Amino acid sequence: ILNVEQSPQSLHVQEGDSTNFTCSFPSSNFYALHWYRWETAKSPEALFVMTLNGDEKKKGRISATLNTKEGYSYLYIKGSQPEDSATYLCASPSGNTPLVFGKGTRLSVIA
Amino acid sequence: DAGVIQSPRHEVTEMGQEVTLRCKPISGHDYLFWYRQTMMRGLELLIYFNNNVPIDDSGMPEDRFSAKMPNASFSTLKIQPSEPRDSAVYFCASSRQYSNQPQHFGDGTRLSIL
């Protein structure tokens, strides 16, 4: 089973700052890359599913890019707000496992 | 469209008791997944079903764990007998396809074994 790695583990930013974090995965046999947003005491909520190298997706102030050749994806948040505070998970299929999840990046936005 | 529905939301029981967690997937989703969330291991897949058939149960930790999906709208995860180390949040998720469609998660069951 491939390792999906995320960095940093946690991040504190001021309200209004823009931020980004990384998901890395083995580039061989790539199939798809998922991003989820997970608020405390709630369940993970899908943000993006990306399948094509060079793909870029956007939802409001959040966007993501994908580089399948080098095995990484970036998630960007523009003008962070306190309601963006959550753990952001990425995940990718591996072998017989539909999705292997990273440990997440915990974002705290300070007002 | 109703989301994935899990019950109960919380379960507290004594060691040795049987625990049954329930899940109703989103209608039309062919895949159903059971996950366990722990501090140490994060979100780990226990078992998944395709069209009600268990496909891969290699993530089920022990024979004490079993899962069934008798029809397209219902699945159970059972632990018998339960142990304190089974305490965790258990999530059920469903999706339309294997891995190029998003998974939709239920609210989870927080299980505490005393």
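Structure: above.
For clarity, every value in this text was computed on a predicted model and none was experimentally measured. (Residues numbered from 1 in each chain as written. Chains lettered and ligands numbered in written order. Predicted model: local features only at pLDDT ≥ 70, side-chain atom pairs only at ≥ 80, totals over all residues. Heavy atoms only, no water.)

### Regarding the state of the cysteines
If you walk through the whole model with that rule in mind, you get two disulfides over all chains. Each disulfide pairs two cysteine sulfurs, and for Cys23 of chain A the partner residue is Cys90 of chain A, the sulfurs being separated by 2.0 Å. For the disulfide bridge between Cys23 of chain A and Cys90 of chain A, the dihedral angle about the S-S bond is near 80 degrees, and by the sign convention the bridge is right-handed. One end of the pair, Cys23 of chain A, is in strand β3 (residues 19-24); the other, Cys90 of chain A, is in strand β9 (residues 86-94), and 67 residues separate them in sequence. For Cys23 of chain A, a relative accessible area of 0% corresponds to the buried category. Each sulfur in the disulfide pair Cys23 of chain B and Cys92 of chain B lies 1.9 Å from the other. Taking the sign of the S-S torsion, -65 degrees for the link of Cys23 of chain B and Cys92 of chain B, the bridge is left-handed. Highlighted residues: Cys23 of chain B in strand β3 (residues 19-24) and Cys92 of chain B in strand β9 (residues 88-95), separated in sequence by 69 residues. Of the two residues examined, Cys23 of chain B and Cys92 of chain B, each falls in the buried class. (Disulfide = S-S within 2.5 Å. Helix = DSSP H or I, 4+ residues; strand = E, 2+ residues; numbered from the N terminus. Buried < 20%, exposed > 50% of the residue type's maximum accessible area, 1.4 Å probe, protein only.)

### A closer look at the environment of Ser95 of chain B
Residues and elements named next belong to chain B. Examined against the element boundaries, Ser95 turns out to sit in strand β9. On the basis of relative accessibility, which here comes to 0%, the residue Ser95 falls in the buried class. Separated by 48 residues in sequence, Ser95 and Ile47 place their C-alpha atoms 14 Å apart. Not counting residues within four places of it along the chain, the set of residues in contact with Ser95 comprises His29, Asp30, Tyr31, Phe33, Gln101, Pro102 and Gln103. (Contact = heavy atoms within 4.5 Å.)

### Things to note about the sheet that holds strand β1 (residues 5-7) of chain A
Residues and elements named next belong to chain A. Here we have five strands laid out as an open sheet, ordered β1-β3-β8-β7-β6, and antiparallel in their pairing. Whereas interior strands pair on both sides, the edge strands pair on one side only; in this sheet they are β1 and β6 (56-59). Averaged over neighbouring strand pairs, the angle between their axes works out to 15 degrees when direction is ignored. Relative to strand β7 (residues 62-67), β6 runs antiparallel, the two sharing four bridges. Along β7, the bridge assignment pairs Lys57 with Ala64. (Pairing = 2+ DSSP bridges. Axes fitted to C-alpha atoms, helices over the stretch in contact; angles between N-to-C directions.)

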